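For reference, the chains in residue letters:
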Amino acid sequence: SEEKIERQVDSVFRKLTTREKIAQIMVIEFDSQDGRKRKALQNKLVKKEKIGGLIPMNDDLVPSIKRMNQLNSFSSIPMLVTIDAEWGASMRYWDEIPQFPRQMQLGALSSDSLVYVMGHLLGQECRLLKMQVNFAPDIDINNNPNNPAINTRSFGEDKEKVAKYGIAMMRGLRDGGVAGSAKHFPGHGDTDVDSHLALPLLYFDEVKLDSMELYPFKHLVAAGVDMVMVAHLGI
């Protein structure tokens, strides 16, 4: 029951120091091909510092899962395994898992019913891989054709459709057994710089941000999204 789970969580949480509680909300990346020194650092962060989360990067599936299980075995508390799987785990495991459609393709649908179904399947896929968090959906509004980072990752340029379809995917993920994450707050759609490489700037006033970029986030938060991912932006 939910009550029993909460009691179990609280019983563990109360025994942690403040430093360990902070470490529990941190996520470290890993790759099965990481070098010896990098793996040693990851092992230390999990064993000594009690880092609570993992995220796999571009990798081969079987070695990645083995490394994930190894790191989890070092932890006295089961780790939260996360993944960027907007169009499935194939976003990280390119050659071994079939891709789902990109969100722009879903945005061409006349209703959000299949968006929910895809979210549910994504949730099941993540659970089968022993992952508990999918950093999806992307609810950026695709209102800049020169955007190199978002593009097909968005449901489209219509803020209402982005919000509606984002909620459908979020609910599908949850019913599929994983937590979702609305991203990239407060909105990465109207930029022309890849935030993986440099710092995009939003030059908009509060009125524009509130009426456009923040619109989907307000709706997903109201619908109970599990978490929000903050973008690398200057605002």
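Residues numbered from 1 in each chain as written. Predicted model: local features only at pLDDT ≥ 70, side-chain atom pairs only at ≥ 80, totals over all residues. Heavy atoms only, no water.

Here we come to helix H7 (residues 159-176). At 3.6 residues per turn, the α-helix brings residues three or four places apart onto the same side. Here H7 contains 18 residues, and its C-alpha end-to-end distance of 25 Å stays within 8% of the 26 Å for a straight helix at 1.5 Å per residue. When we look at burial in H7, the residues that qualify are Val162, Ala163, Tyr165, Gly166, Ile167, Ala168, Met169, Met170, Gly172, Leu173 and Gly176. Buried residues along H7 sit against helix H5 (103-107), helix H6 (113-128), strand S4 (133-134) and helix H9 (215-222). For H7, the N-terminal cap is Asp158; the gap from its side-chain oxygen to the backbone nitrogen of Glu160 is 2.9 Å. Where H7 terminates, the next one or two residues include Gly177, which has phi positive at roughly 110°. (Helix = DSSP H or I, 4+ residues; strand = E, 2+ residues; numbered from the N terminus. Expected span 1.5 Å × (residues − 1). Buried < 20%, exposed > 50% of the residue type's maximum accessible area, 1.4 Å probe, protein only. Contact = heavy atoms within 4.5 Å. Polar contact = N/O pair within 3.5 Å; in protein donor to acceptor, adjacent residues only side chain to side chain.)

The next subject is the pattern of salt bridges. Here the structure, examined in full by the defined rule, presents 14 salt bridges. Across the pair Glu3 and Arg7 runs a salt bridge whose closest N-O atoms are separated by 3.4 Å. Separated by four residues within a single helix, Glu3 and Arg7 lie in helix H1 (residues 2-13), roughly one turn from each other. Its relative accessible area of 57% is what places Glu3 among the exposed residues. The closest approach of N and O atoms between Asp84 and Lys183, which form a salt bridge, is 3.2 Å. With Asp84 in the loop between strand S3 (80-83) and H5 and Lys183 in strand S5 (residues 181-185), the pair connects residues that are 99 residues apart, well separated along the chain. A relative accessible area of 11% means that Asp84 is categorised as buried. (Salt bridge = Lys/Arg side-chain N within 4 Å of Asp/Glu carboxyl O.)

Next up on the list: unusual backbone geometry. The phi torsion of most residues other than glycine is negative, and most of the peptide bonds are trans. In this structure, Pro137 follows Ala136 across a cis peptide bond, with omega equal to 5°. Following Phe185, the chain continues to Pro186 via a peptide bond in cis, the omega torsion being 0°. Within the secondary structure layout, Pro186 lies in the loop between S5 and helix H8 (206-213). Phi angles above zero are rare outside glycine, and Lys130 is one such case at about 65°. Mapping Lys130 onto the fold places it in the loop between H6 and S4.

Counted according to the given criterion, the structure contains two aromatic pairs. A centroid spacing of 6.0 Å and a plane angle of 75° characterise the contact between Phe155 and Tyr165, whose relative ring orientation is edge-to-face. Of this pair, Phe155 sits in the loop between S4 and H7 while Tyr165 is found in helix H7, placing the two residues ten residues apart along the sequence. In this structure, Lys47 is placed above the aromatic ring of Phe74, and the distance from its NZ or CZ to the ring centre is 4.2 Å. Across the ring face of Tyr215, the terminal group of Lys159 is positioned such that the distance to the ring centre comes to 4.7 Å. (Phe/Tyr/Trp six-rings, centres within 6.5 Å; stacked < 30°, edge-to-face > 60°. Lys NZ or Arg CZ within 6 Å of the ring centre and 35° of its normal.)

Let us look at the environment of Ala179. Locating Ala179 in the fold gives a position in the loop between H7 and S5. Here Ala179 falls in the buried class, since its relative accessible area comes to 16%. Measuring from C-alpha to C-alpha, the distance between Ala179 and Ala136 comes to 8.9 Å, with 43 residues separating the pair along the chain. When neighbours within four sequence positions are excluded, Ala179 is seen to be in contact with Gln132, Val133, Asn134, Asp226 and Met227.

Read these as spatial facts, not as claims about activity.
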